[in-house]
Amino acid sequence: MQIGVIGLGRMGGNIVRRLTRAGHSCAIYDANPAAGAALAGKGVTVAASVPALVEALGAGPRTVWVMLPAGKITEDTIAQLGTLMKAGDVIIDGGNTNFKDDVRRARELAPKEIKYLDIGTSGGVWGLARGYCLMIGGDAERVTRLAPIFAALAPGLGDIERTEGREKLDPRAERGYIHAGPVGAGHFVKMIHNGIEYGMMQAFAEGFDIMRHRADDKLPADERYDLNLGDIAEVWRRGSVIASWLTDLTAAALTKSQDLATFTGRVSDSGEGRWTIAAAIDEGVPVPVLSAALSQRFSSRGTADFADRLLSAMRHEFGGHKEKT
């Protein structure tokens, strides 16, 4: 299949690479010409502008995947695409957008009969090799038509043990992508995913911080333990109840540096955690763990400690996120 991709950053560029490796063709555009030039090759048409990208996709029906930061740049790009694309075309927002913005955009595009899909995309810088977990909202017919694109991006069955009883259920979930529901549902599910991620990361960071301080002089001499945190993270990867990808990333970070001295501990939040708490308030759902995790990210911007440095290290490991000054 053919698809346009706008935004060739950490994830957008690898999405193009994964699609072309699977035999799909991509027309691509980024405001930074060097980003497009780095992807030039078989199956890739580098466009000099958004209108040129749309034109390169031919008569249609055309599909354009926008992979840009949430906010003005995404709003402006989708608005521009709305003036260039025609009935039956599809605009995808694969970034981290508030689901309420998706609902509004779809409503605005509806008179032109341009379809809109919102795709929560998880996988970070590892997506090229591992595949992307995709949570899709929008028109079911378009989701089905674009299934070859989603299947190419998703991890597939891999070597994960299959869940007993899923044989007669929607096979897409096992392959790493789902049609979550109508417009907005994809980004809503991804929003909750990221809220949970905040809580899990905070629990890891706090637990390792407790262990790191077990050798403090203020404790009784016979109750002090000089623990090897790298070894602990490694052994927890192997058979423990809390074994997970975050455990893997923690072990990788601590293997590189036991004290994480290269990190300041300033942990950013990209918006989804706040939106998750707002949704919980709207629904009257208590979320003390997720709320506390978000609050801790705020506090990290003051006095840094080891737990905050570990959060920064994990974000760098899974998403290539650099600390903001």
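Quick caveat: nothing in here was measured; it's all calculated off a predicted structure. (Residues numbered from 1 in each chain as written. Predicted model: local features only at pLDDT ≥ 70, side-chain atom pairs only at ≥ 80, totals over all residues. Heavy atoms only, no water.)

A. Looking closely at the overall build of the chain. Regarding its fold elements, the chain presents 14 helices and eight strands. Computed over its C-alpha atoms, the radius of gyration of the chain comes to 22 Å, within 12% of the 20 Å expected for a compact globule of 325 residues. Along the longest, intermediate and shortest principal axes, the C-alpha atoms of the chain span 75 × 45 × 45 Å. The buried share of the chain, taken over its 325 residues, is 46%. (Helix = DSSP H or I, 4+ residues; strand = E, 2+ residues; numbered from the N terminus. Rg over C-alpha atoms; globule rule 2.2 N^0.38 Å. Buried < 20%, exposed > 50% of the residue type's maximum accessible area, 1.4 Å probe, protein only.)

B. Highlighting the packing of aromatic side chains. In the structure shown here, the tally under the stated rule is three aromatic pairs. Centroid distance phenylalanine 99 to phenylalanine 188: 5.0 Å. Interplanar angle 85 degrees. Geometry classified as edge-to-face. Of this pair, phenylalanine 99 sits in helix H5 (residues 99–109) while phenylalanine 188 sits in helix H9 (residues 185–212), and the two are 89 residues apart along the sequence. Taking 6.0 Å as the distance between ring centres and 50 degrees as the angle between the ring planes, the aromatic pair formed by phenylalanine 150 and tyrosine 177 counts as tilted. Of this pair, phenylalanine 150 sits in helix H8 (residues 147–153) while tyrosine 177 is found in strand E8 (residues 177–181), placing the two residues 27 residues apart along the sequence. For tyrosine 177, a relative accessible area of 7% translates into the label buried. Directly above the aromatic system of tryptophan 245 lies the positively charged group of arginine 130, at a separation of 4.0 Å from the ring centroid. A cation over an aromatic ring shows up here: arginine 297 above the ring of tyrosine 198, its NZ or CZ 3.7 Å from the ring centre. (Phe/Tyr/Trp six-rings, centres within 6.5 Å; stacked < 30°, edge-to-face > 60°. Lys NZ or Arg CZ within 6 Å of the ring centre and 35° of its normal.)

C. Geometry of the pairing of strand E6 (residues 115–122). The element E6 is extensively covered by neighbouring structure, given that seven of its eight residues are classed as buried. Direction of pairing for strand E5 (residues 90–93) relative to E6: parallel, over a ladder of four bridges. By the bridge assignment for E6, aspartate 93 is matched with aspartate 118. Sheet topology note: the E6/strand E7 (residues 133–137) ladder contains five bridges and is antiparallel. For serine 122, the partnering residue across the bridge sits in E7 and is cysteine 133. (Pairing = 2+ DSSP bridges.)

D. Layout of the packing of H9 against helix H12 (residues 272–283). Viewed as axis vectors pointing N to C, H9 and H12 meet at an angle of 105 degrees, and their least axial separation amounts to 8 Å. As far as their axial angle goes, H12 and H9 are roughly perpendicular. On the side of H9, the interface is formed by Phe188, Lys190, Met191, Ile192, Asn194, Gly195 and Tyr198, while H12 contributes Glu272, Gly273, Trp275, Thr276, Ala279 and Glu283. A breakdown of the residues in the contact of H9 with H12 according to their chemical character gives six nonpolar, four polar and three charged. (Axes fitted to C-alpha atoms, helices over the stretch in contact; angles between N-to-C directions. Parallel < 35°, antiparallel > 145°, perpendicular 65-115°, else oblique. Contact = heavy atoms within 4.5 Å. Nonpolar A, V, L, I, M, F, W, Y, C, P; charged D, E, K, R; others polar.)

E. Here's a closer look at H12. The end-to-end C-alpha separation of H12 is 16 Å, in line with the 16 Å expected for 12 residues at 1.5 Å each. Inspection of H12 places Glu272, Gly273, Thr276, Ile277, Ala279 and Ala280 among the buried residues, and these make up the whole buried set. End-on view of H12: buried residues confined to an arc of 160 degrees, all on one side of the axis. In H12, those exposed residues whose orientation departs by more than 90 degrees from the buried face are Ile281 and Asp282. Looking at the buried side of H12, the elements it contacts are H9 and helix H13 (288–299). Of the residues trailing H12, glycine 284 is marked for its positive phi of about 70 degrees. (Expected span 1.5 Å × (residues − 1). Arc of directions from axis to C-beta.)

F. Examining the pattern of salt bridges more closely. Counted according to the given criterion, the structure contains 18 salt bridges. The residue arginine 62 makes a salt bridge to aspartate 89 at a minimum N-O spacing of 2.9 Å. You can see arginine 62 sitting in the loop between helix H3 (50–56) and strand E4 (63–66) and its partner aspartate 89 sitting in the loop between helix H4 (72–84) and E5, a full 27 residues away along the chain. Arginine 62 sits in the buried class, given a relative accessible area of 8%. Note that arginine 214 is salt-bridged to glutamate 223, the shortest N-O span being 3.6 Å. You can call arginine 214 partly exposed: its relative accessible area is 28%. Residue glutamate 223 is classed as partly exposed on the basis of its relative accessible area of 37%. (Salt bridge = Lys/Arg side-chain N within 4 Å of Asp/Glu carboxyl O.)

G. Spotlight on unusual backbone geometry. Of note in the backbone geometry, glutamate 113 takes a positive phi value of approximately 60 degrees without being a glycine. Mapped onto the secondary structure, glutamate 113 falls in the loop between H5 and E6. Residue classification places glutamate 113 among the exposed residues on the basis of a relative accessible area of 53%. Although it is not a glycine, leucine 260 adopts a positive phi angle of roughly 55 degrees.

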